[in-house]
Amino acid sequence: MINNEKNQKLRAIIRSHKRWDIIFGVVGLLAMSVGILTLAALFLQMVIDGFPRLTADFFTNFPSRRAGQSGILSAWVGSLLVMLVTAMFAIPVGVASAIYLEEYARKNWFTDIIEINITNLAGVPSIVYGLLALGLFVYTFGFGQSILSAGLTLGLLILPIVIVSTREALRAIPQMVREGAYACGATKWQVCSDHLIPYGMPGILTGIIIGLSRAIGETAPIITIGALTFIAFLPPVPFTGEATAGMFDWLFSPFTVMPIQIFNWTSRPDPAFHANAAAASLVLVVLTLSMNAVAIWLRYRLRKNLKW
Amino acid sequence: MSNPPLTGEARLAQLAKSKAARKRKDKMIEGILLLAACVSVFTTLAIVYILLKESLVFFSHVPVWQFLTDSQWTPLFDDAHFGISVLLAGTISSSAVALLIAIPLGTIIAIYLSEFAGHKSREVLKPLLELLSGVPTIIYGFFALLVVTPLIQKIYPDLPTFNILSAGIVMGIMIIPYVSSLSEDAMRSVPMSLREGAYALGSTRFQTATRVVVPAAFSGIASAYILGISRAVGETMILAVAAGMQPNLTLNPLEPAATVTSFIVQVALGDLPHGSIGYQTIFAAGLTLMLMTLSFNLLGYWLRRKYREAY
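Predicted, not measured: the structure shown is a model, and the values here were computed from it.

Caption draft 1: Spotlight on the overall build of chain B. A count of helices and strands for chain B gives twelve helices and zero strands. In terms of C-alpha radius of gyration, chain B reaches 27 Å, well past the compact-globule figure of 19 Å for 311 residues. Principal-axis analysis of the C-alpha atoms gives chain B an extent of 95 × 70 × 35 Å. Among the 311 residues that make up chain B, the fraction classed as buried is 48%. Within chain B, contacts between residues at least 6 apart in sequence are counted, and of these 74% link residues at least 24 apart.

Caption draft 2: Just the domain arrangement of chain A, in detail. Residues and elements named next belong to chain A. By the assigned domains, chain A splits into domain 1 (2-51) and domain 2 (54-305). Here domain 1 and domain 2 have C-alpha centroids that lie 39 Å from each other. At the junction of the two partners, domain 1 supplies five residues and domain 2 supplies eight residues. A per-class count over the side of domain 1 that touches domain 2 returns three nonpolar, one polar and one charged.

Caption draft 3: A look at the environment of I147(A). Residue and element names in this part refer to chain A. Relative to the elements of secondary structure, I147 occurs in helix α6 (residues 147-171). Given 24 C-beta atoms within 10 Å, I147 falls into the buried group. Residues I147 and I222, spaced 75 residues apart in sequence, show a C-alpha to C-alpha distance of 9.8 Å. When sequence neighbours within four positions are dropped, the list of residues in contact with I147 reads L81, V82, V85, P235, W250, L251, S253 and F255.

Caption draft 4: Focus on the packing of helix α11 (residues 260-269) of chain B against helix α12 (residues 277-306) of chain B. Residue and element names in this part refer to chain B. The contact between α11 and α12 brings their axes to 9 Å, and the two run at 155 degrees. Considered as vectors, α11 and α12 are oriented roughly antiparallel to each other. Where α11 crosses over α12, the handedness of that crossing is left-handed. Across the interface between the two elements, V260, T261, F263, I264, V267 and A268 from α11 touch G278, T281, I282, A285, G286, T288 and L289 from α12. Grouping the amino acids of the contact of α11 with α12 by side-chain chemistry returns eight nonpolar, five polar and no charged.

Caption draft 5: Representation of the domain arrangement of chain B in the model. Residue and element names in this part refer to chain B. Each assigned domain of chain B is listed here: domain 1 (8-61) and domain 2 (84-306). The C-alpha centroid of domain 2 is placed 37 Å from the C-alpha centroid of domain 1. On the domain 2 side, the residues contacting the six residues of domain 1 number eight residues. Of the residues in the side of domain 1 that touches domain 2, the class split is three nonpolar, two polar and one charged.

Definitions and limits used
- Residues numbered from 1 in each chain as written.
- Chains lettered and ligands numbered in written order.
- Predicted model: local features only at pLDDT ≥ 70, side-chain atom pairs only at ≥ 80, totals over all residues.
- Helix = DSSP H or I, 4+ residues; strand = E, 2+ residues; numbered from the N terminus.
- Rg over C-alpha atoms; globule rule 2.2 N^0.38 Å.
- Buried ≥ 20, exposed ≤ 12 C-beta atoms within 10 Å, placed from the backbone.
- Contact = placed C-beta atoms within 7 Å.
- Domains from an automatic or database assignment.
- Nonpolar A, V, L, I, M, F, W, Y, C, P; charged D, E, K, R; others polar.
- Axes fitted to C-alpha atoms, helices over the stretch in contact; angles between N-to-C directions.
- Parallel < 35°, antiparallel > 145°, perpendicular 65-115°, else oblique.
- Left-handed = near helix turned anticlockwise from the far one by under 90°.

This is the structure in C-alpha cells:
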C-alpha cells in the first residue's frame, strides 16, 4: 500500500515536470511567432499602404511636392551608383585582407592587432562611420557630399562583414588542397588565386551579398554626411558628349538614396506621403530580403554540395 | 619555340631566374594584401582621430565637467547648454525597453531552437528569424511610427505620437536575432555528453536546458546580451523617426526624447556651418557613443575570456 502511494506521488512529480516541457515548448513557439508575426505585419502593412502606388511612373518620376506625382527615380539611381562604389571598394579590399590574414600573416602582435581591430569595427555603430566620413571624406579629402563619399563610407562599414565571411570560407577549405598545390610547385599567390578563391567563392559571395544588403538599407551614415533629401535630377551621365560630363563626374554629384527618400517621406505629416514611403519601403525590403534569401540559399547549397 | 631548349648550366640559371621573379612577384602581392589588411586599422585610427580632434575643440569651449553634469541640452540656442545626460537619458530608456523585449524573447527562442526544436524546423525557423535583422532600420522606424504607436494609442490614448516606448519595442524585436543566434550557437557548442548525463539522471528537456545547458553556455549567452546592448545603444534611425528628436531629461518611455544618436541625425539634417560649435557637438556626442559601445564590446570580450568553459 505504501509503495503504491509512493508510486502515485512519483508519477505526479514526473507528470508535473513533463508538463513544464510542454509549457516551454509552447512558450518557445510563441516567442518565435512574435518575431515572425512582426515581420509579416511589417510586410503586410507595406503591401496594403504601398502597393497601389507601385506603378511604372513611381519608378520613373522624380520626388515632387505633390505626393501623387512623386517617384523614386533619383533615389534608386542614387542607391545603385552608391552601391557600385561600395562594391568596388569593399570587395577587393575585404577579400584581400581576408586572404592576407588567413594565408599570409604570421602569428605575431601585428596580426593580433588587425584581428582585434576588425572584431571591434564590426561593433562600431553605423552613425560613427557617418561622423568619420563627415570629418574625413567630406572635409579633409574634399570629396563633398557626393556619391563617392557615401560609397566609401558604406564600403568601410561593410568591410568587417566581407572580411569575416571570406576568412570563414577560406578556413573551411581543407589543408590538403593547399599542400597539393604547393607540392606541385605553386607559389603562395598561385595557391590563393587558382585554388582557394575559386573554391571559397560561394562563401565569399554570401558575405558580399549580406554586406551589400546591409549597405543598401543603411540610412544614418548617409544622413550624417549631409546627403540632400530633395534631388530632382540625375547624376551626369558619362560619354554624353557634353564638355561638362566627364567620365567620373557622377562620383562627385549630389545624390539621394532609397532609405533617405523613405525617411523624408515618413517625416512629413501628410498621410499621402506615407503611402509613398510605404511603397518605397516595399521596394527596398523586397530588394534586401531577396538579397538575404540568395545568401541563405548559397550557404545552404554550399553546405549540402561540399564533400572534400 | 624558336630557340632550342637550354640545357645544363644555362637551363639551371634560367630556372633560378624565373624562380626569383616568381618570388619577387609573390612578395609584391603579399605587400599589396598587407596594405589592404591595414585599411581596417587605418579606419579605426581615423575614427579615433576625427572624433578626438573635433571633440577637443568642443571641450576647449565647453568644460568637461559641465558636459557631464549640466541638466539641459540646448546646443543650438543662444543660451547654449551642453548636458550630455539629457541625451544619455533617452539612450538609456530606449535601450532598456528594447532589451526588456529582446533578452527574454531572444533567450527563450535560443533555448527552444537549440534544445526543443527538431532539426528540420530549426533549419526553417532560424533563417526566417535572421531575416528580422536584414530589414533596413529605417523601415522599422516607419513601422514603429505608423503601426505600433497607433496600436498602443488604442490601449493607452494619452501616448504622444512620438515616444520612446514604441521605438524601443520595435528596436527590441529587431535585436532578437542578434541575441538568439549567438546564444543558440553557444548552447549548441555545449557537448552532447553533458546533456546525455542529465537525461540519464532522469531530467526532462526543460530541466536539462535550464540547469545544465544554459549555465554551461553562460559566457556565450552573456556576450550575446552585450552585443544586443551595444546594438541598442548605437541604433539610430528607429529612434530618429519614431521617438521624436527633442531633448528631454526623462527616463519615462511614454514621452518623446532625443538620444545621442538621433541628436546627431537631427543636426546633420540641418544646415550647420563646418567648424561651428554646433558642428563640433555631434563629434562630442559621437565620442560619447563610441566610448559606450567600446566599453560594452570590451566587457563582452572579457566575459568570453573569463567564463569560457573548456571541454
